[in-house]
Amino acid sequence: MSNTRMREDEFLEGIKSHDRRSLAKMLSLCEKDPETANVLLDKLEKKTSHVVGITGSPGVGKSTLISAILDKMNGKNVGVIVVDPSSPFTGGALLGDRVRMQSHATNEKFFIRSFANRGALGGLSPSIYEACDTFESFGMDNVIIETVGVGQSEIDVSNIADTVIVVLSPDNGDEIQMMKAGLMEIADLFVINKSDNPRSQILLSRLRAMTAGSKEVPIYLTNAVTSEGVERLVRALDSRFFQILSDGTLSQKRRKRLLNHVKSMIRRELDRLVQSFEIDGISPKEMRDHIIEELCRKKRL
Ligand SMILES: Nc1nc2c(ncn2[C@@H]2O[C@H](COP(=O)(O)OP(=O)(O)O)[C@@H](O)[C@H]2O)c(=O)[nH]1
Ligand SMILES: [Mg+2]
């Protein structure tokens, strides 16, 4: 903590002067000590970046699509947050997605960061709000968040993103994933990726039929490998940002994001309190282990 305090000025100056090493350190601080990160972030001016959440089942091509989107960014500064599945045993993150995007990792305009979703019950990493604020303080034009694509993380991304892209692909149990509870509601844009697969046309008509009558959600077809359709998608994202900025939707989204950030801070604090709580010198972890042991004994497991 005191170490961090010593580095405070350096941190703030570094972020203000677009120093990538300071950005990297700040993102690590978000993960390790989000409370301190919040205090520091409060002292920085923030740019309003377009925060785009990209969700969809594993394998639909989210990471490949992000790479293709970065290719079409035309000099814009983009921060990418990849929420990795992490093992509850090791706490480690799979860096496959980062490797996939490696060609962009050396580009001065982009910054790609993996976040473990440890402890968030399959949801987004609890530090994601701070990470997003960090990218905005750094002055990124866009922040792209790729979710794990399983469980709660898919829906949770709408708590933080200004625009949610739901990615579908024809080779991925199409209707089943479309029907997933909540996914249809959070989509601001649909992308049918892998348009090189002829079945994408069937998926397109099914999706059109499913969304008919509800709010108008545009559908884009892409081939993330060849970049076909990606430029159109990037243009659509830009015009949507302009639209939500001018019609008040963005302010609403930002109010919602702030509320969710506060909720996540409270949850984190309660968690910390529970961890430090003891009855007669017995910690919650010891109590839990004891109960599990007792239950296993009773059930002869
Ligand atoms: N044919 C085809 N393959 C694709 C396309 N987009 C992604 N892929 C492949 O699909 C696989 C999964 O892609 P990935 O980006 O890792 O998916 P993610 O799990 O959603 O991030 C990889 O082997 C990609 O090369 C596409 O448009 N067409
Ligand atoms: Mg991926």
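Here the structure is shown first, and the text comes after it.
Computed from a predicted model, the values in this text were never measured in an experiment. The residue count restarts for each chain, going from 1 along the sequence in the order it is written. Here chains are named by letter from A upward and ligands by number from 1 upward, in the order in which they appear as written. Since the coordinates come from a predicted model, pLDDT governs what is reported: local features require at least 70, and pairs of side-chain atoms require 80 or more to be given and counted, while whole-chain, interface and lining totals use all residues. Side-chain calculation: all heavy atoms of the structure are included, whereas hydrogens and water are not.

**A short note on the overall build of the protein**
Thought 1: Secondary structure elements are defined from DSSP: runs of H or I of at least 4 residues count as helices, runs of E of at least 2 residues count as strands, and each element is numbered from the N terminus. Looking only at helices and strands, one finds 15 helices and seven strands in the protein.
Thought 2: Partly exposed residues are those whose accessible area sits between 20% and 50% of the maximum for their type, while under 20% is buried and over 50% is exposed, using a 1.4 Å probe and protein chains only. Scored against the burial criterion, the 301 residues of the protein give a buried share of 48%.
Thought 3: Residues count as neighbours in contact if any of their non-hydrogen atoms are within 4.5 Å of one another. Restricting the contact set of the protein to residue pairs at least 6 apart, pairs at least 24 apart contribute 77%.
Thought 4: Surface accessibility follows the Shrake-Rupley procedure with a 1.4 Å probe radius. Residue values consider only the protein chains on display as shielding. Accessible area for the protein stands at about 15800 Å²; split by element, carbon and sulfur atoms hold 55% of it.

**Describing the nonpolar core**
Thought 1: Core analysis: the biggest nonpolar cluster contains 44 residues, and Ile-81, Phe-135, Val-143, Ile-145, Val-166 and Phe-190 have the highest contact counts within it.
Thought 2: Per-element tally for this core: the top contributor is helix α8 (residues 128-138), with six residues.
Thought 3: Domain start and stop points were drawn from an automatic or database domain assignment. Counting only domains with at least three residues in this core, you end up with domain 1 (1-44) and domain 2 (46-247).
Thought 4: Setting aside its immediate chain neighbours within four residues, Phe-190 contacts Val-166, Leu-168, Met-184, Leu-207, Thr-211, Val-217, Pro-218, Ile-219 and Tyr-220.
Thought 5: Grouped together as the second largest cluster of nonpolar side chains are 26 residues, Val-60, Ile-66, Val-167 and Leu-233 included. Nonpolar core, defined: a set of buried Ala, Val, Leu, Ile, Met, Phe, Trp, Tyr and Cys residues in which side-chain atoms within 4.5 Å join the residues together.

**Digging into the pattern of salt bridges**
Thought 1: Basic side-chain nitrogens of Lys or Arg form a salt bridge, by our definition, when they fall within 4 Å of a carboxyl oxygen of Asp or Glu. Taken as a whole and judged by the stated rule, the model has 23 salt bridges.
Thought 2: Residue Lys-194 is joined to Asp-171 by a salt bridge in which the shortest nitrogen-to-oxygen separation is 3.4 Å. Taken as a pair, Lys-194 in the loop between β6 (189-192) and α12 (200-211) and Asp-171 in the loop between β5 (163-168) and α10 (174-179) lie far apart in primary sequence, 23 residues in all.
Thought 3: We classify Lys-194 as partly exposed; its relative accessible area is 24%.
Thought 4: The partner of Glu-294 in a salt bridge is Arg-297, and the shortest N-O contact between them spans 3.1 Å. You can see Glu-294 and its partner Arg-297 sitting in helix α15 (residues 284-298), three residues apart, about one turn around the helix.
Thought 5: A residue is classified by how much of its surface remains accessible, and Glu-294, at 29% relative accessible area, is partly exposed.
Thought 6: Its relative accessible area of 54% is what places Arg-297 among the exposed residues.
Thought 7: A single network of salt bridges, built from pairs that share partners, joins Lys-46, Asp-133, Glu-136, Asp-162, Arg-254 and Arg-257.

**Focus: the packing of aromatic side chains**
Thought 1: To pair, rings of Phe, Tyr and Trp, with the six-membered ring standing in for Trp, must have centres within 6.5 Å; the planes then decide the type, stacked if under 30 degrees apart, edge-to-face if over 60, and tilted in the middle. This model, assessed by the stated rule, comprises one aromatic pair.
Thought 2: The criterion is that NZ of a Lys, or CZ of an Arg, lies within 6 Å of the ring centre and within 35 degrees of the ring normal, and then a charge sits over that ring. One Lys or Arg, Arg-113, reaches over the ring of Phe-115 and ends 4.8 Å from the middle of that ring.

**Remarks on the packing of helix α3 (residues 20-32) against α8**
When two helices pack together, their arrangement is captured by the angle between the axes and the distance separating the axes.
Thought 1: α8 packs onto α3 with a crossing angle of 160° between their chain directions and a minimal axis gap of 9 Å. When the axes of α3 and α8 are compared, the pair comes out roughly antiparallel. Crossing angle aside, the handedness with which α3 passes α8 is right-handed. In contact with Arg-20, Leu-23, Met-26, Leu-27 and Cys-30 of α3, α8 contributes Glu-130, Ala-131, Thr-134, Phe-135 and Phe-138. All axes are obtained by fitting lines to C-alpha atoms, using only the stretch in contact for helices, and the reported angles, taken between N-to-C directions, cover 0 to 180 degrees. Our angle categories are set so that under 35 degrees counts as roughly parallel, over 145 as roughly antiparallel, 65 to 115 as roughly perpendicular, and the remainder as oblique. By the definition used in this description, the sense in which the near helix is turned from the far one sets the handedness, with an anticlockwise turn below a right angle giving left-handed and a clockwise turn giving right-handed.

**Concerning the pairing of strand β1 (residues 50-55)**
Thought 1: The element β1 is extensively covered by neighbouring structure, given that six of its six residues are classed as buried.
Thought 2: Alternating residues of β1 divide into His-50, Val-52 and Ile-54 and Val-51, Gly-53 and Thr-55, and every residue in both groups is buried.
Thought 3: The pairing criterion for strands is at least two bridges between them, as found by DSSP. For β1 and strand β4 (residues 142-146), the ladder comprises five bridges, and the chain directions are parallel. Bridge pairing in β4 places Val-51 opposite Val-143.
Thought 4: Pairing between β1 and β5: four bridges, direction parallel. Looking at β5, one finds that Ile-54 is bridged to Ile-165.

Shape is all these values report; function is a separate question.
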